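Structural overview
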Amino acid sequence: MNRLTWAKRLAALALGCALPACYVGVDASAGDAGDGDTGTGTGQEGNGDGDGDGDESQPIESTRFARLSHGQWENTVRDLFVLPEQTGFSSLFIGDATSGKFDNDSAALDVTPTLWADYQRAAEQVADYVTSDALLLAAIVPDDLPEDAGDPSVRAKAWIAAFGARAYRRPLTGAEVDAHYFVFEQGVDLYDALDPFTAGVHMCIQAFLQSPHFVYRVETSETVGADGLIHLGGYEVATRLSYMLWNSMPDQTLFDAAAEGELDDAAGVLVQAARMIDDPRAQDMVTDFHAQLLDTDHYLDQYKDPNFYPLFDAAITGAAMQRETELFVNSIVFDDQGGLAELLTAPYTFVNQDTAYMYGLGDGFGPEHERVMLDATQRSGILTQVGFLSSNAYPVDPDSIHRGVSVVRNLLCAPLPPPPDNVPPLPPTMGNTNRERVEAHTGDGTCGEGCHSGVINPVGFAFEGYDAIGQWREQDNGFPIDDSDTFYFDAEPKSYDGAAEFGKHAAASTQVHACYVGHLLEYAYARDVAAQEKAIVNELAARSRDGALPIRALLLELTQTQSFATRYPLEAGQ
């Protein structure tokens, strides 16, 4: 029997364990909420301040089967097989069309026929990779497996139970062990170049990686408690926690905590969360969240006119900008134990030989990034770093409009309608400044007055002091820079001269902190912010604004909400 035939049988086995795709739950509380998507953490669709743009009495749609994102698939395969690094096999997966800002949006992730084929191919690649390397194989086949003692199923089933519990992130049932042993036996005949046990392992690896119980984060708990909620089991809580903080599967310590009932209350969850947040995988998660929030992928696809910026190389400079953002964010969150205010106002950054000149720092830097202090009147936090400024700019000139739109949507969560069709580009420079061109095109008395004059432009003009690659400038086309304006923070007008002062107003704004908390909740819970979560978002935002809730602590707080460890059953609303 050929491999194609067995691939089809594996697909049939996985399909036989197929799961429903969606679950609708109900939440009648005004505070914490279940998994849902009636609101959103994006500016246009749901206001990340937690309002959710929905009726707070309406049920929250909740999935019991959140599919792994491609990044989570890579991390999980790496940790499941104890690999030194990601396989990279997901680079050939078909892309996901997510509906929210983040790529782990559970409402948008499904398994299409194309992705199903991608999973099959990758499962076989992983099996080949692991079983062809003695060290990798030894990492998943422990030495303490029982001897066959004349019955080869004893050792095989012991391995299936142990490995399967990690692959499915909970103990296997006896029926599941038997089903996988059937697959194991077929591998013995199919892979005659391998020893019988390794051949069975090869076959089972393919089955495990194609199973819905691997591809999805499955929550099977259904018993409704006296409070009208379904309280998740320990392994389900462990899985939520690990994919929130690590974007990967639980480690053995977390599995053990689940088995011992230590995750049955919030205090036990906090103990594990505090341990896990000090793991490098948590730093990777924080990096990933901010990279998606700031769209740092765009740093790599910029074009700058070499006649004006001869040292700029999209690949080299863009990668250096990404690394700068990563180091800065993790320095604020983990080294300085800082909060959003520090993220928006810290007068330092990390530069190397590819970006130092953009800050006017001259020579003397090598390929590794170094922490440097900057002029606090010119540089204040992440919005004045060259990555954000350069990626929101034209090939020659700065782009006040896109800089303003990015801040309004991602920092303020203010709703913006889509631009009208057939909007003409800005007129060419004719002896005037960039600001004057933008005002003449979109300011008072123009068709863009509604969105631009009072919302986008005042924000974007705060960044006029930076050119198209983020270098500080004091003149534009021979005229003094005008980066002053007024914007309404928390319904109060605040005037500023430049981005540094704008950043200070933003750091003191409840609206800005609520927007950030909403985004973080959306990413952490892999779903949109719901209307019912306004109370918890506003509470955490107020503490963040007052300097009492650093970002690290904010992440821990999100593991303590009612909705983190519960689900709202359909029956609760009937």
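Residues numbered from 1 in each chain as written. Predicted model: local features only at pLDDT ≥ 70, side-chain atom pairs only at ≥ 80, totals over all residues. Heavy atoms only, no water.

**Things to note about the environment of Tyr 359**
As for its placement among the helices and strands, Tyr 359 is situated in the loop between strand 6 (348–351) and strand 7 (370–373). C-alpha separation for the pair Tyr 359 and Trp 472, spaced 113 residues apart in sequence, amounts to 7.2 Å. Within the structure, Tyr 359 has its side chain in polar contact with the backbone nitrogen of Val 386 (distance 3.1 Å). (Helix = DSSP H or I, 4+ residues; strand = E, 2+ residues; numbered from the N terminus. Polar contact = N/O pair within 3.5 Å; in protein donor to acceptor, adjacent residues only side chain to side chain.)

**Description of the packing of aromatic side chains**
Summed over all chains, the structure comprises 23 aromatic pairs. Ring geometry for Tyr 168 versus Phe 208: centroids 5.3 Å apart, planes at 70°, classification edge-to-face. Of this pair, Tyr 168 sits in the loop between helix 5 (152–167) and helix 6 (174–190) while Phe 208 sits in helix 7 (residues 196–210), and the two are 40 residues apart along the sequence. Across the pair, Phe 208 and Tyr 168 agree in class, each one buried. The rings of Phe 388, Phe 463, Phe 487, Phe 489, Tyr 496 and Phe 502 are connected pair by pair, giving a single aromatic cluster. When the ring centre of Trp 246 is taken as reference, the NZ or CZ atom of Arg 281 above it lies at 3.7 Å. The side chain of Arg 371 reaches across the aromatic face of Tyr 348, ending 3.5 Å from its centre. (Phe/Tyr/Trp six-rings, centres within 6.5 Å; stacked < 30°, edge-to-face > 60°. Buried < 20%, exposed > 50% of the residue type's maximum accessible area, 1.4 Å probe, protein only. Lys NZ or Arg CZ within 6 Å of the ring centre and 35° of its normal.)

**Some remarks on the packing of helix 20 (residues 510–525) against helix 21 (residues 534–545)**
Between helix 20 and helix 21, the least distance of the axes is 8 Å, while the angle of their chain directions is 120°. Put simply, helix 20 runs oblique to helix 21. Considering the relative orientation of helix 20 and helix 21, their crossing is right-handed. Of helix 21, the residues touching helix 20 (which contributes Thr 510, His 513, Ala 514, Val 517, Gly 518 and Leu 521) are Val 537, Asn 538, Leu 540, Ala 541, Ser 544 and Arg 545. Across the contact of helix 20 with helix 21, the residue classes break down as six nonpolar, five polar and one charged. (Axes fitted to C-alpha atoms, helices over the stretch in contact; angles between N-to-C directions. Parallel < 35°, antiparallel > 145°, perpendicular 65-115°, else oblique. Left-handed = near helix turned anticlockwise from the far one by under 90°. Contact = heavy atoms within 4.5 Å. Nonpolar A, V, L, I, M, F, W, Y, C, P; charged D, E, K, R; others polar.)

**A word on the pairing of strand 11 (residues 492–497)**
In this sheet, strand 11 lies alongside strand 10 (residues 484–489) in antiparallel orientation, the contact comprising six bridges. Directly across from Phe 487, in strand 11, lies its bridge partner Lys 494. Connecting strand 10 to the antiparallel partner strand 11 that follows it, the hairpin turn spans two residues, and Asp 490 within it adopts a positive phi of roughly 50°. (Pairing = 2+ DSSP bridges.)

**Some points on the pattern of salt bridges**
Following the criterion strictly, the structure yields 25 salt bridges and no others. Measuring nitrogen to oxygen at the nearest pair gives 3.2 Å for the salt bridge that ties Arg 121 to Asp 118. Linking Arg 121 with Asp 118, this pair stays in helix 3 (residues 113–131), spanning three residues, or about one helical turn. Residue Asp 118 is classed as buried on the basis of its relative accessible area of 7%. A salt bridge links Asp 251 to Arg 275; its shortest N-O distance comes to 2.9 Å. Of this pair, Asp 251 sits in the loop between helix 9 (234–245) and helix 10 (252–259) while Arg 275 is found in helix 11 (residues 266–276), placing the two residues 24 residues apart along the sequence. Note on Arg 275: relative accessible area 30%, which makes it partly exposed. (Salt bridge = Lys/Arg side-chain N within 4 Å of Asp/Glu carboxyl O.)

**Section: the packing of helix 5 against helix 6**
Here helix 5 crosses helix 6 at 115°, and the two axes come no closer than 10 Å. Helix 6 is crossed by helix 5, and the crossing has right-handed handedness. Packed against helix 5, whose contacting residues are Pro 152, Ser 153, Ala 156, Lys 157, Ile 160 and Ala 161, the element helix 6 presents Val 177, Asp 178, His 180, Tyr 181 and Phe 184 at the interface.

**Here's the deal with the environment of Asp 375**
The topology assignment puts Asp 375 in the loop between strand 7 and helix 15 (386–391). Looking at Asp 375, its side chain comes within polar contact range of the side chain of Thr 377, at 2.6 Å.

**Re empty space enclosed by the protein**
Leftover empty space is mapped by rolling, across the atoms, a probe with the size of a water molecule. In total, this model carries five cavities of 30 Å³ or more according to the counting rule given. Each pocket or cavity is described by its volume, and for the second largest cavity that value is around 150 Å³. (1 Å grid on protein atoms, 1.4 Å probe; cavity = no way out; pocket = protein on both sides within 12 Å on 5 of 7 lines; lining within 4 Å. Points joined across faces, edges and corners; volume = space filled by probe spheres on them.)

**Brief notes about the side chain of Arg 435**
Within the secondary structure, Arg 435 is located in helix 17 (residues 434–442). Here Asp 482 takes part through its backbone oxygen, which lies 2.9 Å from a polar atom of the side chain of Arg 435. Other than its neighbours up to four places away in sequence, Arg 435 contacts Phe 461, Glu 464, Asp 476, Asp 482, Asp 483, Ser 484 and Asp 485.

**Quick notes on helix 10**
What helix 10 keeps buried is the set Leu 254, Phe 255, Ala 257 and Ala 258. Down the axis, helix 10 shows its buried residues gathered within 160° of arc, on one side only. Downstream of helix 10 by a residue or two, Gly 261 has a phi angle that is positive, lying close to 80°. (Arc of directions from axis to C-beta.)

**A closer look at the nonpolar core**
Formed by 94 residues in total, the largest nonpolar core has its most connected members in Phe 463 and Tyr 516. With nine residues, the top contributor of residues to this core is helix 20. Beyond its immediate stretch of four places on either side in the chain, Tyr 516 contacts Phe 289, His 290, Leu 293, Leu 340, Leu 343, Ile 551 and Leu 554. Ranked by size, the runner-up nonpolar core spans 43 residues in total, among them Leu 68, Leu 83, Ala 122 and Val 141. (Core = buried A, V, L, I, M, F, W, Y, C linked by side-chain atoms within 4.5 Å.)

**Details of helix 13 (residues 314–335)**
When the terminal C-alpha atoms of helix 13 are compared, their 30 Å separation across 22 residues agrees well with the 32 Å that a helix rising 1.5 Å per residue should span. The N-capping residue of helix 13, defined by a side-chain oxygen 3.1 Å from the backbone nitrogen of Ala 315, is Asp 313. Backbone geometry just downstream of helix 13 places Gln 337 in the positive-phi region, at approximately 50°. (Expected span 1.5 Å × (residues − 1).)

All quantities given are derived from atomic positions and should not be read as evidence of function.
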